[in-house]
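Residue-level structural notes
The residues making up each chain are set out below.
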Amino acid sequence: MSKVSAEELAARQVLDLDVKIALSQEAIKRWYEHWNGNVYVAFSGGMDSTALVHLVRSVYPEVPAVCVDGLLYPEIRDHVRRTPNVTVIRPEKSFAQIIEEYGYPVISKRNAQYIKEVKNADGWTATKRLRLTGIKSDGTKTRMGMIPKKWQYLCKAPFPISDRCCFWLKKRPSREASERFGYPFLGVRTEEAQQREQTYYLYGCNAFDLNYPRSWPMAFWLDGDVWTYVRAYDLPYAEIYDMGYRRTGCFACMFGVHLENEPNRFQRMKETHPRLWNYCIDRLGLGRVLEYIGVPFSDPIQPPLVEVAASGKVLY
């Protein structure tokens, strides 16, 4: 375990990109040598992992990449196909099967799990009491184990809710990748989530001691660093980033959509991928779920007249 302080992370985040690249390459070498080259790049086809594949292969050109293709946007899938030495793994279950068997992913992973537990509880169990009141078995109270009151009405939603999509579409196939290819490099950055930041404080870039060891060589990079790197090396990337998308993940995921400004991911999808939008909203039933949680999914109230894509191109 290599602990990092908040001050050290902040200092690394403001370094020049050339220095960040050198530090990342050092982390890559340590990871590669520790595992005797039994490593691979987890490649989502997104911008961060596109930079990561190039960064790792700038040191070790032979390192393979593995992509889990669960719910990729078509432009992401095309980019993955064009990238050399990439193995594609497909999950055992489709998203349609997962929502039918387990439920829809809404709000956040933790809240979806808690809501599922309440909906499935038989009577007033200790777990149900904890999730709805925050009262633990010893009588003390905690907010961490409780569903926020604003979302407790979802416990009576006329559709199932679950956090299991991430297990079937990401975790399980990722473990298969590790069994086949070794120990992964991941394009995870602390800037993206507080939980990732807290994990970085404990382990730094290379977490050798986890049950599922992994390396985050770009953990201290910022958004602008990634784009500067991609431009500096003229790297090919998925065309979806020139359509106004900042993040690409699973196209049917509803986690966090309630926090987005308009146009949100589904409003944008209607404009850029109308057939995919129809599939999500009608065939998969996301429309009724989004309506129930109060998230618009059609035309934005006040669509922007001019917008600049992440790549710098102007979108009208």
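Structure report, in brief.

**Some remarks on the overall build of the protein chain**
- For the protein chain, the helix and strand inventory stands at 13 helices and 10 strands.
- Here the C-alpha atoms of the protein chain give a radius of gyration of 21 Å, agreeing with the 20 Å that 2.2 N^0.38 yields for 316 residues.
- The principal-axis extent of the C-alpha atoms belonging to the protein chain is close to 55 × 55 × 40 Å.
- Across the 316 residues that make up the protein chain, the buried fraction comes to 49%.
- Contacts in the protein chain between residues far apart in sequence, at least 24 positions, make up 70% of those at least 6 positions apart.

**Focus on the packing of helix α2 (residues 17-34) against helix α10 (residues 223-232)**
- Two elements in contact, α2 and α10, have axes separated by 11 Å at closest approach and are oriented at 90°. Of the possible angle classes, the one that applies to α2 and α10 is roughly perpendicular. Two secondary-structure elements touch here, α2 through L17, K20 and I21 and α10 through D225, T228 and Y229.
- A breakdown of the residues in the contact of α2 with α10 according to their chemical character gives three nonpolar, one polar and two charged.

**Things to note about the packing of aromatic side chains**
- In this structure the tally under the stated criterion is 19 aromatic pairs.
- Here Y73 and F251 contribute two aromatic rings whose centre-to-centre distance is 6.1 Å and whose plane-to-plane angle is 65°, an arrangement assigned as edge-to-face. Here Y73, found in the loop between β2 (65-68) and α4 (74-82), pairs with F251, found in the loop between α10 and β8 (254-255); they are 178 residues apart in sequence, far enough to count as distant. F251 matches Y73 in its accessibility class, with the two residues each being buried.

**Some thoughts on the packing of helix α3 (residues 47-57) against α10**
- The interhelical angle for the contact between α3 and α10, taken along N-to-C directions, is 55°, at an axis separation of 10 Å. Judged by the angle between their axes, α3 and α10 are oblique. Two packed elements cross with a definite hand, and for α3 against α10 that hand is left-handed. Along its contact with α3, which presents M47, D48, A51, H54 and L55, the element α10 presents V226, W227, Y229 and V230.
- The residue makeup of the contact of α3 with α10, split by class, is seven nonpolar, one polar and one charged.

**Observations regarding the pairing of strand β1 (residues 39-42)**
- Bridging between β1 and strand β5 (residues 183-185) involves three bridges; their strand directions are parallel. Within β5, the residue paired with V41 across the bridge is F185.
- Pairing between β1 and β2: two bridges, direction parallel. Directly across from V41, in β2, lies its bridge partner A65.
- On the question of chirality, the crossover connecting β1 to the parallel β2 by way of α3 is right-handed.

**So, the nonpolar core**
- Judged by nonpolar contacts, the single largest core of 89 residues is most densely connected at F95, W221, M254, M269, L286 and L290.
- Aside from chain neighbours lying at most four places away, what touches L290 is M254, V257, F266, I281, V295 and F297.
- Listed in part, the five residues of the second largest apolar core include Y40, V66, A177 and F181.

**Here's the deal with the side chain of R265**
- Along the chain, R265 turns up in helix α11 (residues 265-272).
- Engagement of the side chain of R265 in a polar contact is seen with the backbone oxygen of C253, the distance being 2.8 Å.
- A distance of 2.6 Å separates a polar atom in the side chain of R265 from a polar atom in the side chain of E260.
- Apart from residues no more than four positions distant in its own chain, R265 is found in contact with Y245, C253, M254, F255, G256, V257 and E260.

**Concerning the environment of E176**
- Looking at the secondary structure, you find E176 in helix α8 (residues 165-181).
- For E176 and R164, which are 12 residues apart along the polypeptide, the C-alpha to C-alpha distance reads 17 Å.

**Quick notes on the environment of Y60**
- Residue position: Y60 is located in the loop between α3 and β2.
- Spatially, the C-alpha atoms of Y60 and G37 are 9.0 Å apart, while their sequence positions differ by 23 residues.
- What Y60 contacts, discounting residues up to four positions off in sequence, is I28, K29, Y32 and E33.

**A look at a positive patch on the surface**
- A contiguous patch of positive charge, built from K109, K170, K171 and R175, is present on the exposed surface.
- Top contributing element to the positive patch by residue count: α8, with three residues.
- With respect to the helices, strands and loops of the structure, K109 is situated in helix α6 (residues 109-120).

**Concerning helix α7 (residues 126-133)**
- The complete set of buried residues in α7 reads L130, R131 and L132.
- Where α7 is buried, its residues touch α6.
- G134 occupies a position one or two residues after α7 and carries a positive phi of about 80°.

About the criteria used
- Residues numbered from 1 in each chain as written.
- Predicted model: local features only at pLDDT ≥ 70, side-chain atom pairs only at ≥ 80, totals over all residues.
- Heavy atoms only, no water.
- Helix = DSSP H or I, 4+ residues; strand = E, 2+ residues; numbered from the N terminus.
- Rg over C-alpha atoms; globule rule 2.2 N^0.38 Å.
- Buried < 20%, exposed > 50% of the residue type's maximum accessible area, 1.4 Å probe, protein only.
- Contact = heavy atoms within 4.5 Å.
- Axes fitted to C-alpha atoms, helices over the stretch in contact; angles between N-to-C directions.
- Parallel < 35°, antiparallel > 145°, perpendicular 65-115°, else oblique.
- Nonpolar A, V, L, I, M, F, W, Y, C, P; charged D, E, K, R; others polar.
- Phe/Tyr/Trp six-rings, centres within 6.5 Å; stacked < 30°, edge-to-face > 60°.
- Left-handed = near helix turned anticlockwise from the far one by under 90°.
- Pairing = 2+ DSSP bridges.
- Right-handed = clockwise from strand over helix to strand, strands pointing away.
- Core = buried A, V, L, I, M, F, W, Y, C linked by side-chain atoms within 4.5 Å.
- Polar contact = N/O pair within 3.5 Å; in protein donor to acceptor, adjacent residues only side chain to side chain.
- Patch = residues over 30% accessible without salt bridge, like charges linked within 9 Å, V, L, I, M, F, W, Y side chains within 5 Å.
- Areas by Shrake-Rupley, 256 points an atom, 1.4 Å probe, with all protein chains shown as cover.
- Salt bridge = Lys/Arg side-chain N within 4 Å of Asp/Glu carboxyl O.
- Lys, Arg positive; Asp, Glu negative; His and termini not counted.
- Charge placed at Lys NZ, Arg CZ, Asp CG, Glu CD.

As far as function goes, none of this settles anything; it's purely spatial.
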